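An overview of the molecular structure
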Amino acid sequence: MEGNLLSLSRQRHATRNYAQQPVPDDVLQYILEVARMAPSAVNYQPWTFVVVREPDMLRRLQAVYHREWFNSAPCCIVVCGNHNESWHRASDGKDHCDIDIAIATEHLALAATECGLGTCWVCNFDVEACAQLLELPSNVEPMVLLPIGYPVESEPSPKKRKTIDEIVVWR
């Protein structure tokens, strides 16, 4: 069985070269709406999506992640988590903010793929400099930079994935 979501998941890949064509507002609104519908622990929705499109702000954002390819993206969604608004499990205090942000980020990435756009999860960036640049309060953490735009690249290389038997245990 090859459903739409499986097909979309196979299409989604890390894009590291973007056309300078802007992402239309209605497309961004659709992608953000898909992320807004993402599930979160106890439905707390501890996220903020900072959409960076202005050339000067994009240039300044590029200083928190020093990769040449990152400079080609015409837009970047900074996915932020609010640790004061996230659910913390009673038994051990585990903060579910990271989990909720990961779910929302993948909703963004899949919606972008559906719209013919490319994205790339970036988590290895200067978090403190990013928070300062975006003037985020101390309880809000920039967790993922998600550059987004129309890809300029050939077909992506095949995904390296473990077999289903390597990752599933039936009881």
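As the structure is a prediction and not an experimental result, all values here were calculated from the model. (Residues numbered from 1 in each chain as written. Predicted model: local features only at pLDDT ≥ 70, side-chain atom pairs only at ≥ 80, totals over all residues. Heavy atoms only, no water.)

**Quick look at the nonpolar core**
- Ranked by internal contacts, the top residues of the largest apolar core, which has 24 residues, are I31, F49, I77, V79, I101, L108 and L117.
- Of all the elements in the fold, those that place two or more residues in this core are helix 2 (25-36), strand 1 (47-52), strand 2 (75-82), helix 4 (97-114) and strand 4 (140-149).
- With 6 residues, helix 4 is the largest single contributor of residues to this core.
- Setting aside chain neighbours within four positions, we find I77 in contact with L32, F49, V50, V51, L108, V144, L145 and L146. (Core = buried A, V, L, I, M, F, W, Y, C linked by side-chain atoms within 4.5 Å. Buried < 20%, exposed > 50% of the residue type's maximum accessible area, 1.4 Å probe, protein only. Helix = DSSP H or I, 4+ residues; strand = E, 2+ residues; numbered from the N terminus. Contact = heavy atoms within 4.5 Å.)

**Remarks on the packing of helix 1 (residues 4-11) against helix 4**
- Relative orientation of the contacting elements helix 1 and helix 4 amounts to 95°, with a least axis distance of 9 Å. Accordingly, the angle class assigned to the pair helix 1 and helix 4 is roughly perpendicular. Where helix 1 abuts helix 4, its residues L5, L8, S9 and Q11 lie against L110, T113 and E114.
- When the residues that make up the contact of helix 1 with helix 4 are grouped by side-chain class, the tally is 3 nonpolar, 3 polar and 1 charged. (Axes fitted to C-alpha atoms, helices over the stretch in contact; angles between N-to-C directions. Parallel < 35°, antiparallel > 145°, perpendicular 65-115°, else oblique. Nonpolar A, V, L, I, M, F, W, Y, C, P; charged D, E, K, R; others polar.)

**Points about the environment of E33**
- Tracing the backbone shows E33 in helix 2.
- On the basis of relative accessible area, E33 is assigned to the partly exposed category, the value being 37%.
- When the C-alpha atoms of E33 and A111 are compared, they prove to be 9.2 Å apart, with 78 residues separating the residues in sequence.

**Thoughts on the sheet that holds strand 3 (residues 118-119)**
- On the basis of which strands lie adjacent, the open sheet formed by 4 strands has the order 1-2-4-3 and antiparallel pairing. The outermost strands of the open sheet, each flanked by one partner alone, are strand 1 and strand 3.
- Summarising the sheet, strand 1 and strand 2 pair through 6 bridges and their orientation is antiparallel. Considered in strand 2, the bridge of V51 is made with I77.
- Helix-sheet contacts for helix 4 involve strand 1, strand 2, strand 3 and strand 4, and the interaxial angle to strand 4 is about 10°. (Pairing = 2+ DSSP bridges.)

**Considering the pattern of salt bridges**
- According to the stated counting rule, one finds 5 salt bridges in the structure shown.
- The partner of R59 in a salt bridge is D56, and the shortest N-O contact between them spans 2.4 Å. Here R59 and its partner D56 are both found in helix 3 (residues 55-62), 3 residues apart, which amounts to about one turn of the helix.
- With a relative accessible area of 41%, D56 lands in the partly exposed category.
- Across the salt bridge formed by D92 and R89, the nearest N and O atoms sit 2.9 Å from each other.
- Judged by relative accessible area, which is 30%, R89 ranks as partly exposed. (Salt bridge = Lys/Arg side-chain N within 4 Å of Asp/Glu carboxyl O.)

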